[in-house]
Amino acid sequence: MSLDEGIAEGNATISYVPYRTLNTFGDSGTIGTIVKFDDYEELLWTASKEGRISSYCGPYLSRYTTFSTLYDAELKDMCVTDPGILTLTSCGLNLHKRGGGLLYATGLSSPGVFSSCLAVSAATTCYPNGSIVIAGKHGSARKLNLERPDYIENLQIADIDTVFLRGSERYLCFASSGGDISIVDLRSNQARHHRAIPDSMILCDVDVYDYSLFMCVHGVDSIDNILPSYSLSVYDLRVCKATSPINTCLAPSLVRFMPKSFGQYCVAVDMEGRFQFINSFASAEVCEEVHRLGNFAAAPVSIDFSSSANSFVIGDAAGLVHIFSRGNPSSHPQWNSHSRPCAVPELLYHNIGHTASAHYRSDGPSAGTSHPLLRSQINSQSWPTTSTAGLESPQKSVALEVAEGRPVGLPKDSPVPFTPTNGCKADTVSMGRSRSRMPQISWREFNSSNLPALEPELPSSYCNGILQALYNIGPLAAIFQNHHCYNEFCLSCELGFLFHMMNVAGSEEPCQASNLYRVIRSMDSAVHRGLVISEVDDLSGTMPQILLQQWIQFVLEHTHKELMHDGYYASQDSSISRLASVRVLDTITHTCGHISQEQRTLFTLPLRYFGAQNHRGQDLHYILRNTLNECSEWVLHCDTCGFENVACFTRNVTSLPEIFVFNFRLDNENNATAMKQTLANWTIQQLIKKKAESSPLTLKDVKACRYGAQCNRMDCLFLHPRDIEAECSKSDPPTFIPTSLWMNIGSDGKTEVVNTRPLGRQKWTEYEVAAVTYIARCKEKGDSQSFVSAIKVRNRSGGADPWHFFDDLIITPVSQREALHFDLNSRIPCTVFYARADVQKRWPTTVDNPITRDIFLRYCEQSIPPGHHEPSSIIPIQETECFGPSDVVALDAEFVSLSDGEVEFHADGTKSIIKPSMMSLGRVTVVRGHGVLAGTPFMDEYVVARDKIVDHLTEFSGIQPGDLCADFSSKRLQTLKSVYVRLRYLVDQGVRFIGHGLNNDFRVINIKVPKDQIIDTVQLFRLPDQRLISLRFLAWYFLGSHIQIHSHDSIEDAQSALYLYQKYEALTKDSSKSDGSTFVKVLTQMYEIGRSLQWKIPVPES
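What you are looking at is a predicted structure, and each value in this text was computed from that prediction instead of being measured.

**Q** Can you lay out the overall build of the protein for me, pointing to particular residues and giving the numbers?
**A** Secondary structure assignment for the protein yields 21 helices and 52 strands. If you take every contact in the protein between residues at least 6 apart in sequence, the share linking residues at least 24 apart comes to 62%. Taken as a whole, the protein presents about 45500 Å² of accessible surface, with 49% of it coming from carbon and sulfur.

**Q** Could you give an account of the environment of Gln 974, naming the residues involved and the relevant values?
**A** Among the structural elements, Gln 974 can be located in strand β50 (residues 973-974). Of the residues examined, Gln 974 reaches a relative accessible area of 1% and is grouped as buried. For the pair Gln 974 and Val 944, spaced 30 residues apart in sequence, the C-alpha separation works out to 5.9 Å. Within polar-contact distance, the side chain of Gln 974 engages the side chain of Ser 978 at 3.2 Å.

**Q** Requested: an account of unusual backbone geometry, with residues and values cited.
**A** Of note in this structure, Leu 61 is not a glycine but carries a positive phi near 55 degrees. Positioned with a positive phi, Leu 824 is a non-glycine residue whose angle comes to about 65 degrees. Here Leu 824 shows up in the loop between α12 (816-820) and β44 (827-836).

**Q** Any chance you could break down the pairing of strand β33 (residues 595-602) for me, citing the residues and the numbers?
**A** Relative to β33, strand β32 (residues 582-590) is paired through eight bridges, and the arrangement is antiparallel. When the sheet's bridge partners are listed, Asp 586 is paired in β33 with Glu 598.

**Q** I'd like a description of the sheet that holds strand β25 (residues 254-257), backed by residues and values.
**A** In space, the four strands of this open sheet follow the order β25-β26-β27-β28, with antiparallel pairing throughout. Each edge of the open sheet is held by one strand with a lone partner, namely β25 and β28 (291-292). Where β25 meets strand β26 (residues 265-269), four bridges bridge the pair, whose relative direction is antiparallel. If you follow Val 255 over to β26, its bridge partner there is Ala 268.

**Q** Report on the sheet that holds β33, specifying residues and quantitative values.
**A** Overall, antiparallel pairing links the four strands, which are arranged β33-β32-β36-β35 in an open sheet. The open sheet has two free edges, formed respectively by β33 and β35 (631-637), since each of these has just one partner strand. Averaged over all pairs of adjacent strands, the angle between strand axes in this sheet comes to 30 degrees, irrespective of strand direction. Looking at chain direction, β32 and strand β36 (residues 644-655) are connected through eight bridges and run antiparallel. The residue bridging Thr 589 from the neighbouring strand is Cys 648, located in β36.

**Q** Run through helix α17 (residues 998-1005), naming residues and quoting values.
**A** Here α17 has its buried residues at Leu 998, Asp 1001, Phe 1002, Val 1004 and Ile 1005. The buried residues of α17 occupy an angular sector of 165 degrees when projected down its axis, which confines them to one face. Those residues of α17 that are buried are in contact with α5 (514-521), β45 (888-899), β48 (918-928), α16 (976-988), β51 (992-995) and β52 (1014-1016). Two residues or fewer after α17 comes Asn 1006, characterised by a positive phi angle close to 70 degrees.

**Q** Before we move on, could you go through the nonpolar core and cite the residues and values that matter?
**A** Ranked by size, the top nonpolar core spans 102 residues in total, and within it Ile 737 and Tyr 834 carry the most contacts. Residues Cys 493, Val 924, Val 979 and Ile 1005 belong to the second largest nonpolar core, which totals 38 residues.

**Q** Account for empty space enclosed by the protein, naming residues and giving values.
**A** All told, the structure shown has nine cavities of 30 Å³ or more when counted by the stated rule. Approximately 130 Å³ is the volume attributed to the largest cavity. Within the residue set of the lining of the largest cavity, elements represented by two or more residues are α2 (464-472), α3 (474-481), β40 (765-778), β41 (784-794), β44 and α13 (839-842). For the lining of the largest cavity, the element with the most residues is β40, which contributes four residues. Looking at the lining of the largest cavity residue by residue, the classes come out as nine nonpolar, three polar and four charged. Lining the second largest cavity, in full, are Arg 518, Val 896, Leu 898, Ser 920, Leu 921, Val 943, Val 944, Ala 945, Arg 946, Asp 947, Ile 949 and Leu 964. Secondary structure elements with two or more residues in the lining of the second largest cavity: β45 and β48.

**Q** Describe the environment of Gly 107, and please don't skip the residues or the numbers.
**A** Among the secondary structure elements, Gly 107 is positioned in strand β11 (residues 102-107). Residues Gly 107 and His 637 lie 530 residues apart in sequence; the distance between their C-alpha atoms is 7.8 Å.

**Q** Give me the lowdown on the confidence of the model for the protein, citing residues and values where you can.
**A** On average, the protein scores 79 in pLDDT, and the residues at 70 or more come to 77%. Counting contacts from residues 4-12, a segment whose pLDDT is below 50, to residues more than four positions away or on other chains yields 18 contacts. Confidence drops under a pLDDT of 50 for residues 346-441, and excluding neighbours within four residues, the segment shows 342 contacts in the predicted structure.

**Q** Talk me through helix α4 (residues 491-505); I want residue IDs and the actual numbers.
**A** Compared with the 21 Å implied by 1.5 Å per residue over 15 residues, the 21 Å span of α4 between its first and last C-alpha is a close match. Gly 506 sits one or two residues past α4 and shows a positive phi near 60 degrees.

**Q** Which residues make up the side chain of Ser 140, and what values do they have?
**A** Residue placement: Ser 140 occurs in the loop between β13 (131-136) and β14 (141-145). For Ser 140, the contacting residues outside a window of four places in its chain are Val 113, Phe 114, Ile 134 and Ala 135.

**Q** Can you explain the packing of aromatic side chains? Please cite residues and give values.
**A** Overall, the coordinates contain 39 aromatic pairs when judged by the stated rule. For the pair Tyr 471 and Phe 499, a centre-to-centre distance of 5.5 Å together with 50 degrees between the ring planes defines the contact as tilted. In this pair, Tyr 471 is assigned in helix α2 and Phe 499 in helix α4, connecting sequence segments 28 residues apart. For Tyr 471, a relative accessible area of 15% corresponds to the buried category. The ring of Tyr 127 has Lys 143 sitting right over it, with the charged end atom 4.4 Å from the ring centre. Positioned above the aromatic ring of Tyr 486, the side-chain terminus of Arg 858 is 3.7 Å from the ring centre.

**Q** An account of the packing of helix α14 (residues 853-860) against α16 is needed here, citing residue identities and associated values.
**A** At a minimum axis distance of 9 Å, the contact between α14 and α16 shows a crossing angle of 140 degrees. As the angle between them shows, α14 and α16 are arranged oblique. The handedness of the crossing between α14 and α16 comes out as left-handed. Where α14 abuts α16, its residues Arg 853, Ile 855, Phe 856, Tyr 859 and Cys 860 lie against Lys 977, Ser 978, Val 981, Arg 982, Tyr 985 and Leu 986. Classifying every residue of the contact of α14 with α16 gives seven nonpolar, one polar and three charged.

**Q** Describe in detail the packing of α4 against α5, supporting the description with residues and values.
**A** Direction vectors running N to C along α4 and α5 enclose 170 degrees, while the axes themselves pass 9 Å from each other. Classified by the interaxial angle, the pair formed by α4 and α5 is roughly antiparallel. Two secondary-structure elements touch here, α4 through Leu 491, Glu 494, Leu 495 and Leu 498 and α5 through Asn 515, Leu 516, Val 519 and Ile 520. Taken together, the residues of the contact of α4 with α5 break down into six nonpolar, one polar and one charged.

**Q** Could you give me a rundown of the pattern of salt bridges, with the residues and numbers involved?
**A** All told, the structure shown has 33 salt bridges when counted by the stated rule. For the salt bridge of Arg 923 with Asp 940, the shortest nitrogen-to-oxygen distance reads 3.0 Å. Separated by 17 residues along the polypeptide, Arg 923 in strand β48 and Asp 940 in strand β49 (residues 937-943) bring together distant segments of the chain. Look at Arg 923 and you get buried, because its relative accessible area is 5%. Taking the relative accessible area as the measure of exposure, Asp 940 reaches 7% and is therefore buried. Sharing partners across several salt bridges, the network here consists of Asp 586, Glu 598, Arg 600 and Arg 651.

**Q** Provide a residue-level description of the state of the cysteines, including the pertinent values.
**A** Evaluation of the coordinates by the stated rule reveals zero disulfides. Between Cys 342, a free cysteine, and Cys 57, which holds the nearest cysteine sulfur, the sulfur-to-sulfur gap is 3.8 Å. Judged by relative accessible area, Cys 342 falls into the partly exposed class, the value being 23%. In this structure Cys 641 is not part of a disulfide, and its nearest cysteine sulfur, from Cys 592, lies 3.8 Å away. Since its relative accessible area comes to 28%, Cys 641 is described here as partly exposed.

**Q** Can you explain the pairing of strand β19 (residues 191-195)? Please cite residues and give values.
**A** A regular strand places its side chains so that they alternate between the two faces of the sheet. One ladder, built from five bridges, connects strand β18 (residues 180-185) with β19; its direction is antiparallel. Note on β19: the bridge partner recorded for Ser 182 is His 193.

Conventions used here
- Residues numbered from 1 in each chain as written.
- Predicted model: local features only at pLDDT ≥ 70, side-chain atom pairs only at ≥ 80, totals over all residues.
- Heavy atoms only, no water.
- Helix = DSSP H or I, 4+ residues; strand = E, 2+ residues; numbered from the N terminus.
- Contact = heavy atoms within 4.5 Å.
- Areas by Shrake-Rupley, 256 points an atom, 1.4 Å probe, with all protein chains shown as cover.
- Buried < 20%, exposed > 50% of the residue type's maximum accessible area, 1.4 Å probe, protein only.
- Polar contact = N/O pair within 3.5 Å; in protein donor to acceptor, adjacent residues only side chain to side chain.
- Pairing = 2+ DSSP bridges.
- Axes fitted to C-alpha atoms, helices over the stretch in contact; angles between N-to-C directions.
- Arc of directions from axis to C-beta.
- Core = buried A, V, L, I, M, F, W, Y, C linked by side-chain atoms within 4.5 Å.
- 1 Å grid on protein atoms, 1.4 Å probe; cavity = no way out; pocket = protein on both sides within 12 Å on 5 of 7 lines; lining within 4 Å.
- Points joined across faces, edges and corners; volume = space filled by probe spheres on them.
- Nonpolar A, V, L, I, M, F, W, Y, C, P; charged D, E, K, R; others polar.
- pLDDT = per-residue confidence, 0-100.
- Expected span 1.5 Å × (residues − 1).
- Phe/Tyr/Trp six-rings, centres within 6.5 Å; stacked < 30°, edge-to-face > 60°.
- Lys NZ or Arg CZ within 6 Å of the ring centre and 35° of its normal.
- Parallel < 35°, antiparallel > 145°, perpendicular 65-115°, else oblique.
- Left-handed = near helix turned anticlockwise from the far one by under 90°.
- Salt bridge = Lys/Arg side-chain N within 4 Å of Asp/Glu carboxyl O.
- Disulfide = S-S within 2.5 Å.

Okay, structure coming up:
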């Protein structure tokens, strides 16, 4: 009998058919082994042991949310409740909103012992609505209620290691794998302990229905081999005795009952992917209906039914989720009979200092705020290491991944030039636009400066503004440019390569950071933080503030780890931590007298707003003072006394950095409200000061006019609403962000922060604002958004140039006031950089090229895999062979496609590139152009593929599938970094490059070559305003050789370009002896012959 023939239930028939199979590993990068249906919304939840939780919405199973557990803790179990998703982790019990936000985190005295959690469905006196039960090893069991998560009650059960926790309307059952069970009556809360199976058996799974416990039991022989049992064991919970087993046609390892309204049927699943539906009352019958998973890949590990019983789901150990539905497979099942609509998901942002990660006192001074260290219960002896120096596993902060077609994105507007003026006109570049249209616009129209711009084509180009900020902070840029290592995926190296490229390019043409983003895509920590954007339009489904703030924190933390062993620094220190990290001492003092302290290294500091709005007239410096001297109260668990009590948290800065990085954290609604109130109070105070200057009243006497807007006195000395409106609408308002700060660590350990030059400033450290990143919005464009940065650009001598706005290709000089002004509507600040006023003198800003001849030769000797490639025609670099400005080499590169492009065709026959294809270097050949070895290659490298290749473009590249795979290729494989460094060395030595279409080659390689070092044969053999000629035609016409007959060969192409250049020199030399028209006549004749042949080369006779 097939699955779709159904199960008889009285006179009714219930039929299930395969509906959909999801690959959780392909969606989230981790294997989802826990599956749960949501009883409140049309959602299906999957979770992995690593703590990655995903949800799929509705019958189409489009991605709804993806987030990680708090502190990336190992996930033990999860259950779906009305408020959200309850996760039991190795750190405690956390409740997340369905959008991913953390509602609260409840700690446990020994969180590692707990392994199971259950939301109690029956409402009794002992277990009211919202009750949660957790259990684990050594008889550990706790009960709490979602309405009071800080109150945890111990449950008295037998001393067993609970692995399975199940419940019905009357009983809770705690079971160990050895068969020991503890039964708790939900009405009386009394517990009983029994042995349900013999000692020679093991328990694989259990479920409770009415008054019976159904168990999947297998035997174990003397050498621990599993002996499968083809039955379900049944245990009566009322009399605590075993009853007759239910025979099955398979050896069940999982069992789950359908919802009670659908009778006494359950589904049993075995380890081989087979399952059958069983009538629990037919104990003497053997059901013959056995079905098998269609895409069976690994043993099933979890199973669940929807509350409507319209669907059930099986998750296997390979991350496949098999969904079955009742009735027609083309129909759309409904998980619940009465579901509430799914809200637009919010972004999970639980990184250090960005989420309320503790159940705080509502009456405490920090009520409503968040804290980087604190959960509802913190082990005072074992501090969390999130965002500290030397962290081995960086804290994940997983961005929300929104399914395609979900109407939560920002509008996709066409690009509009950015003109930095006050108000909405300054913020007209749409973040959600198709940025790939930008190359069709002349970027020089928007960059009148002499500064390098960054292209916005790549998906992860949202961080271009932060890259510009790092580049313009001299010491930071010098650290990266002076660094080199042999790690293939070194972020510090790629930043140095990018900054060097920006130095070379200047304002001549924009640069792109494709190699940098390629390295970031390879880093799991960046993927887990949600920093890797697959498509440009994916930005519409994220919170831009979080992306920017997370990106700068990730870059500083990761480069610190890379540079810890670089040079003479100690293992726990680096040039990045010395320059841009804050050393703090965090202290927790419990009311019982126990004190815990920890030294921490922070690379970014989230601002603390609470209390700042109550101090009128204070600008950002007061918020910074609160941040550096944080003091708050929390209800925490103390390991010393074993009780929860009020604890005081204090933070003291132990050393001031050279560079401060502060995150505004305005993605949090409470923070945004506090900032708005603080900004309004500050604006009013500025107006009061201005009024006092022009009136006989003293500053304290200036107050609001009693008549308000009704006052018509022209000489009124008091404050009116129209005065405030006029002040706020000024084109040159005062700036809330102070241009200079002075800081000093006092004898009491507190950090003083002032915004005016103090007396006796020898002990004070002066800081100047260096850059601010913003999210710019324009309501006239449908709330379109863009990432912009205001940066104080410094020239090489250390003097300050005017401030500039950076918006990808658009760079505009602005005044200091305009650069620092924001209003939380059209311009929202994300990150502010403060640098010491004398940082350029204290830290070196000179760059010594780290790529030497020794490094060049070392890369020349490497290959992947060594000793397995085909014989090559290259002649290695000789010891006496050197390269300099007088040398020439011929280069040809072949590429593969990583993604398909999108082209829009118009009615008039023209076309627009909606999304360009993403290309990657596949092969590069460099041929000597001088000396006795002229024409011989010294580089012919296939670049090992690290990304998925969509198309090898074999017809044009000559690269066959498998040529770039390190496991199978017989070619001479090299890493992209190895090829890049060697080409960079040749460029730095002043070598001139000969090739055909070199600008495109260098663009994809992502290297900048000065124009005077490029000799492009496509331009040498071209008449003005005429078509470009192919290399194949030029080789046939001038050299008499047939190339690219069957496929492209980069050695052949590079040699042809070299010989064409030699031919060009000969022709122009002869032309110079005459009147200079000989070469032009040759080209004219070539064009005439080409047109007559329609540019098709005659087939060679051989």
